[in-house]
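As a plain string of letters, each chain reads:
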Amino acid sequence: MSAPGQQLAPGALVLDAPVAPAAEAPARARQRSAVSEPTVVFAVTFAAFVALGVWLTVHLQVVPYDSAFRLAHALFVWHGAPAKLSAIGFVWPPLMTLVFLPFAAVKPLATSLIALPLTSAVAAAGTLAVLARTFRLLGMPRRASYPLIAAFAVNPMFIHYATNGMSEMWTFLWLLWGLYYLLRWHLSHQVPVLALSGIAMAFGLLSRYELAPYIVVMGVAIFALTWRKRGADETESSLLLFGAPVVYGLGVWLLLSYMIIGDPLYFLHHELAERFVLEQGRSLSEGGAHGANAGTLTLARLIVELYGRLFLPQLLVLVPLAVVSAVRRSGIGAMLIALVLLNPLMTYMFVKSSDLALMQLRFNTRSMPLTLAAIGWLFYLSRGRMRPALIACSLVSLLACIPLTWQTMKTYPYVFAEHDFVRAIETGEPHDPIHLADARTMAGYINAHVHGRREVLVDDSQTFLPLLLGGHPELYFDRIDKGDTVWRKVLRDPRGKVGWMLVPFKQGPIGDLILARYPGAPEGAVPFLHVVFTTRDLALLRVAPPVRRPHRAT
Amino acid sequence: MSEQAPDSASTSLATAAGAPSDAGELIDPAVARAYGVVALGVRDDGALRLAISDTTDHGRLRALRALTGREIHPVRMRMGEIEAALSVLPPSRPGARLSAHPHAQLGGERECSLALTAGVPFVSLAPRSGREAIDPAAAALLDEGFCRHFAIVALATHNDVVVLAAADPTDAAALRAASLMAGREPLVLGASASDIEQAITRSFAPAPRDSQHRPGWRRFGEILLLEGLIDQAQLSSALRLQERTGDALGQVLLHAGVLSEHELLHALSEQLRLRAVRIDPDTLDQDLLALIPRQLMRRHRVVPLALEQGQLVLAMVDPLDDGALASLAEHVTLPLAPVAASDSDIDTALQRICAAEHLELACSHLMRQMPAHSADRVLSRPQRWALILALALTLAALATRPIATIVALNVASVFFFAAFSLYRLRLIYGAVARKLEFPVSQEEINALPESALPIYTVLVPLYREAAVLPRLLSTLAQLDYPPTKLDIKLLVEQDDEETLAALRALSPPPHFRLVLVPHGEPRTKPKACNYGLAQARGEHVVIYDAEDRPEPDQLKKAVLAFAKAGPEIACIQCKLNYYNRDQNLLTRWFTAEYSMWFDLLLPGMHAASAPIPLGGTSNHFITAKLSELGAWDPHNVAEDADLGIRLARRGYHTAIIDSTTFEEATSDIANWTRQRSRWVKGYIQTWLVHMRHPLRLARELGPKGFISFQLLIGGTPGMFLLNPLYWALTSVWTLSEAGVIHSLFPGVAYYAAGAAMYLGNFLLAFAAAAGASSRGHHDLVKYTLISPLYWGLMSLGAWKGLLQLVRRPHYWEKTTHGLDIPVAERR
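Residues numbered from 1 in each chain as written. Chains lettered and ligands numbered in written order. Predicted model: local features only at pLDDT ≥ 70, side-chain atom pairs only at ≥ 80, totals over all residues. Heavy atoms only, no water.

Novice: I'm lost on the overall build of chain A in this one. Help?
Specialist: Looking only at helices and strands, one finds 24 helices and five strands in chain A. A burial count over chain A gives 55% of its 554 residues as buried. Approximately 22600 Å² of chain A is accessible, and the part contributed by carbon and sulfur atoms is 64%. (Helix = DSSP H or I, 4+ residues; strand = E, 2+ residues; numbered from the N terminus. Buried < 20%, exposed > 50% of the residue type's maximum accessible area, 1.4 Å probe, protein only. Areas by Shrake-Rupley, 256 points an atom, 1.4 Å probe, with all protein chains shown as cover.)

Novice: Mind showing me how you'd approach the pairing of strand E16 (residues 569-578) of chain B here?
Specialist: If a strand is regular, its side chains alternate between the two faces of the sheet. All names here are of chain B. The buried count for E16 comes to ten of ten residues, which makes it a mostly enclosed element. With three bridges joining them, E16 and strand E17 (residues 619-622) adopt antiparallel strand pairing. Bridge pairing in E17 places Cys571 opposite Phe621. (Pairing = 2+ DSSP bridges.)

Novice: Sorry, what's going on with the pairing of strand E13 (residues 512-517) of chain B here?
Specialist: All names here are of chain B. Across six bridges, strand E12 (residues 486-493) lies against E13 in parallel orientation. The residue of E13 that forms the bridge with Lys489 is Arg513. As for the winding sense of the linkage, the β-α-β connection from E12 through helix H23 (residues 497-506) to E13 is right-handed. (Right-handed = clockwise from strand over helix to strand, strands pointing away.)

Novice: Where do I start with the confidence of the model for chain B in this structure?
Specialist: Detailed reading of the predicted coordinates is not advisable wherever pLDDT is low. Residue and element names in this part refer to chain B. Residues with a pLDDT of 70 or more make up 90% of chain B, whose mean pLDDT is 83. Looking across chain B, the model is least confident in helix H5 (residues 103-106), with a mean pLDDT of 40, and most confident in strand E14 (residues 540-543), with 96. Every residue in residues 92-106 scores below 50 in pLDDT, and together they form 36 contacts with partners more than four places removed in sequence or on other chains. Scored below 50 in pLDDT, residues 206-215 shows ten contacts in the model against residues more than four places distant or in partner chains. (pLDDT = per-residue confidence, 0-100. Contact = heavy atoms within 4.5 Å.)

Novice: When you look at the packing of aromatic side chains in this model, what are you seeing that I'm missing?
Specialist: Think of a pair of aromatic rings as described by two things: how far the centres are apart, and how the planes are tilted against each other in angle. For the structure shown, the criterion picks out 31 aromatic pairs over all chains. Both rings, one in Phe69(A) and one in Phe464(A), keep their centres 5.1 Å apart while their planes meet at 85°; by these two values the pair is edge-to-face. Here the residue Phe69(A) occupies a position in helix H2 (residues 65-79), and Phe464(A) occupies one in the loop between helix H21 (460-463) and helix H22 (465-470), the gap between them amounting to 395 residues. According to the relative accessible area criterion, Phe69(A) is buried, its value standing at 10%. Owing to a relative accessible area of 0%, Phe464(A) belongs among the buried residues under this scheme. Ring pairs connect the aromatic residues Tyr578(B), Trp589(B), Phe590(B), Tyr594(B), Phe598(B), Trp672(B), Trp679(B) and Tyr790(B), which therefore count as one cluster. Note that Arg362(A) overlies the ring of Phe416(A), its terminal NZ or CZ placed 4.3 Å from the centroid. In this structure, Arg479(A) packs its charged tip against the face of Trp487(A), placed 5.7 Å from the ring centre. (Phe/Tyr/Trp six-rings, centres within 6.5 Å; stacked < 30°, edge-to-face > 60°. Lys NZ or Arg CZ within 6 Å of the ring centre and 35° of its normal.)

Novice: Would you mind going over the pattern of salt bridges with me for this structure?
Specialist: Pairs can form between side chains of opposite charge once their charged atoms are near each other. Under the defined criterion, the tally for this structure stands at 46 salt bridges over all chains. Here Asp438(A) makes a salt bridge to Arg536(A), at a shortest N to O gap of 2.7 Å. Here Asp438(A) is found in helix H20 (residues 436-449), whereas its partner Arg536(A) is found in the loop between strand E4 (529-534) and strand E5 (538-543), with 98 residues between them in sequence. The exposure class assigned to Arg536(A) is exposed, which follows from its relative accessible area of 54%. Here Arg495(A) ties to Asp493(A) by a salt bridge, and the two come within 3.5 Å at their closest N and O atoms. With relative accessibility at 28%, the residue Arg495(A) sits in the partly exposed group. Taken together, the shared-partner salt bridges connect Glu261(B), Arg301(B), Asp343(B), Asp347(B), Arg513(B) and Arg537(B) into one network. (Salt bridge = Lys/Arg side-chain N within 4 Å of Asp/Glu carboxyl O.)

Below is the structure:
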């Protein structure tokens, strides 16, 4: 075999060359790709978050209602009767249920609730890996970036949402991913990279609708950065590459909503979503005041105070970032300031228009990863001794905010499951805020006594836990299985159609249609519904067979 | 010279400015400034003490020794001090005596007076104490012929200055030419003609060939000048070019269009006192041809012409090629009598002599050598039986359990579609964010010495391409590669009178060679390429189509990439794109598709070490390795993709480099469909050929390569064929929500199909947008968002290709080129 560079004799009839046996061919070069730095960050933090998450979920039973609800629906997608994608529901953004799908496909992962920490650990580790990539992109050395990442990763708020299956970590991931590619586009002028940014933000929007303003800000930044220097064609293509996935993602969601439930904007104006958020916040905050009652300055002060207590670095970074961005005329710096300020601004607007309960901690976390990105950009813009000083200050503020955040999670009035998380860790005792043990008992009873598909009529909005924990959603007849119309028909007269009904004792924030139709049924007040088994929250009712009317004599 | 130990301690130069006058006289101020030295004095042994900042700079010291004719004793000084001393030196003194030797000793009084006239020092070039006064590296900057012709020699170099010794320092043109050749500013000295002649003889090895010492022998340039074939300016220019490329002067002049082949031959025969002949291929004696093996004729480019006085008269391009003559003498018992013939005459004669053999090789070499890799049969016997069995089983299953069978088939295809989409997206994702092409920088190209470039064969198959010929010739003429090292073969079918006539009318330069491809089945592009390859002279070979416009530096990039790559790289694929993207919507879509394929997908495959289906043109090969593989399969209508897989099976890799060849995007739907049907048919052929022995294929490609092969070679046509079916199902289901359709998608298949439809389709369309923007075609991005309409056309072409595979498997659907040229212009 000839080596490269070997001279072929001029005029040689090359087709006459002897055919070398395959064995003589050079060995295929094995390209052993080195494991990249972000992969290591991902692997290490994923393992840590999963271990911690399993301890918190399985042992301490710190499980938020929301994430369990979504996991239940992911289980219905695979194992419902029939299995159908529309079980993801059309009220909340779809992606948070979809991300559970791979884990829910393996039933034990869902029924043991391990799928919850698994999904959020993926997102949390992904967030930190993208952060590592962002820092590397911005020229930050490892000795500076790793401590910052570690200090961010051990923040209790981060740990809480990295282990509980909620959507916050996925929001972090998509937001940071979109930002990473936007920075990369800006620094490398590789326009196709914007497509990846757009795809990340489309996923982000389908995880949390509140990311829409972030997409708008990023789009404006792309326009501003491109229009001046690159001309109309490139501006157009840049915006299309960034915006098309977002528009398409939203379009598909609207189309599916229209095709399946006949209302493309169902998720926007469905009272359930709105009511759920408000009621949940109010119930947790012991009756919050209406935000409109607070003065503008008071509200602003409250928000600044909240951000100071929750994640101090985000307040600290704004001033130097503004100064350096102004001096260096950095459009990206201005965009980052806008992005960091978006969350408090949105909180202000929501609270002003409705309820102080919307000042929940978890609604105010989106600036956390953006703050880290802003530190990275500040590092990129600064020179000389500024850089070590910046890293040192950032690290100190990140470390200092850990006890502050912990204290805030413990005492702040507007929280989601933070109180449970803090208490469970402090006491080391199982903490069961949503009564998993009861639900498991109920599921056990149903599994043992109910046979056949779609035998137990449920409105799973409040009574989903036995369906999830029992692992046999096919035993239940919920609103998804045959559609709402059929379900409501059965609800009107269940006799002869189902053998059982599962109802809560009291109406929750979302409301249970069975209980609404048959108030008092859990207490045995409905004649043809006999209470056969109860827990603290739920009652299993036996539906009496239909009364046969005698044939009229002729 | 500087071998003497320098003064260990630094010497103060307080005295340098007013240094001993006799020492200062020994070196001209201009020389002192050019070399950054100051003369300090003369030692007892006659050596000159010079202040210099770097006492180890042997090149500079050698030059100074040559200039002064004395041994040099260097004394280290700080540069600042030297500059201060130099600043007070007087201006240069014309005619100053720099050598210690009196003029009488130097000889050449005429030259000495010329030096005085020119105001330059006059020096001796004779070796001292056995040491050569001339730096060989400096001498090599000028061509020997030039040096002898103008009696000039380069003595030394320093930074951007070359020290030239000339017998006639007043010959400004010659000195300017020498300066240009050396690429440096000249510092001129005078020397005697005999000194220079001897210095040239000492500096240029080996000694001239005997033939050149014959009485009356003249340099080639002289002959051309005397004959009036060229003028002095053309000679100087050709000598400069020769310096760069290292080619023979005659070849340089020929390819520059200054000389015709006939004139060149005439001048050569005069110089070498050899007979020159014209060859008439019709009169070749078959008995004489039988005396020399064909392979030797081709290798040494000789043609036996006649028997004269017991000697075999051989027409040769280079009759002084002793190696060739020795090699031939081993096979021929008769004494050999070489005569000169033009390259094109030899080429034409050899084409005629070897036509049958070349045709046989072009058509059936692969089939004979590696029948398992030849697409001469669509299906092998086991494949035929497997297909029959599979059809029978499917029909039986359909008859007994129709729904379950359809569901099973559907599930399989849905998962295949999902895997295909995921794999493509993974490859594209990798390429969007990174530059994965094999790196070749502009600096490397600039630094590449043209004299080191190998001969490059360019194959251009042409069939009914008269319309694009002028553009083709002009494009190939712009290649940044020495024409003397280009072997461009225009492969024209023998019966293509139109193209032949157009080509003859255009009379391309001598490095374009017309190769007449004889009639023979199959009548395909790969057959023509094989025919051309059989006559290739280059170390590397590349294919271009008739309408191609490669970037001018592409060949150099490929040479560099081959040189930098490991031995596993046997092929380099350049990117393809279109120059007429704005012609209509079809060309826009087509350009976006190509941008995605060549700018994202192939680099992604390169990075993943996946077997790469080559593009139709601009694939560069190491010729020897290509021949090992059996070259192109003339029966495969996607011979490029097939060859890429064969390369991978033999353990070779294909690298992608960042150089583009611009082609014509076909703008006519019927023409486009024909082209696409051929591609799809070829992909299916390729898949079938390599799947004759699936286990062997899996072993040779490895698991990753095997999966990649299935997904890209099998998957691409498969997806085009299946798409219409799924679009129909989706449409019917959307309109009617028919339960039967829903029942075809159980559980996981339903979700996979949903993901493939909603996400996969969008991302594949979006990948084209990323490809277009990656290429800088920002205006195309909006069109890619409606490219699913284009997929419909792809499916049309795919179905046409499949049907044609059954009816006419080896038929080559010709793509018409030149549709972007206005009709009037085409005529």
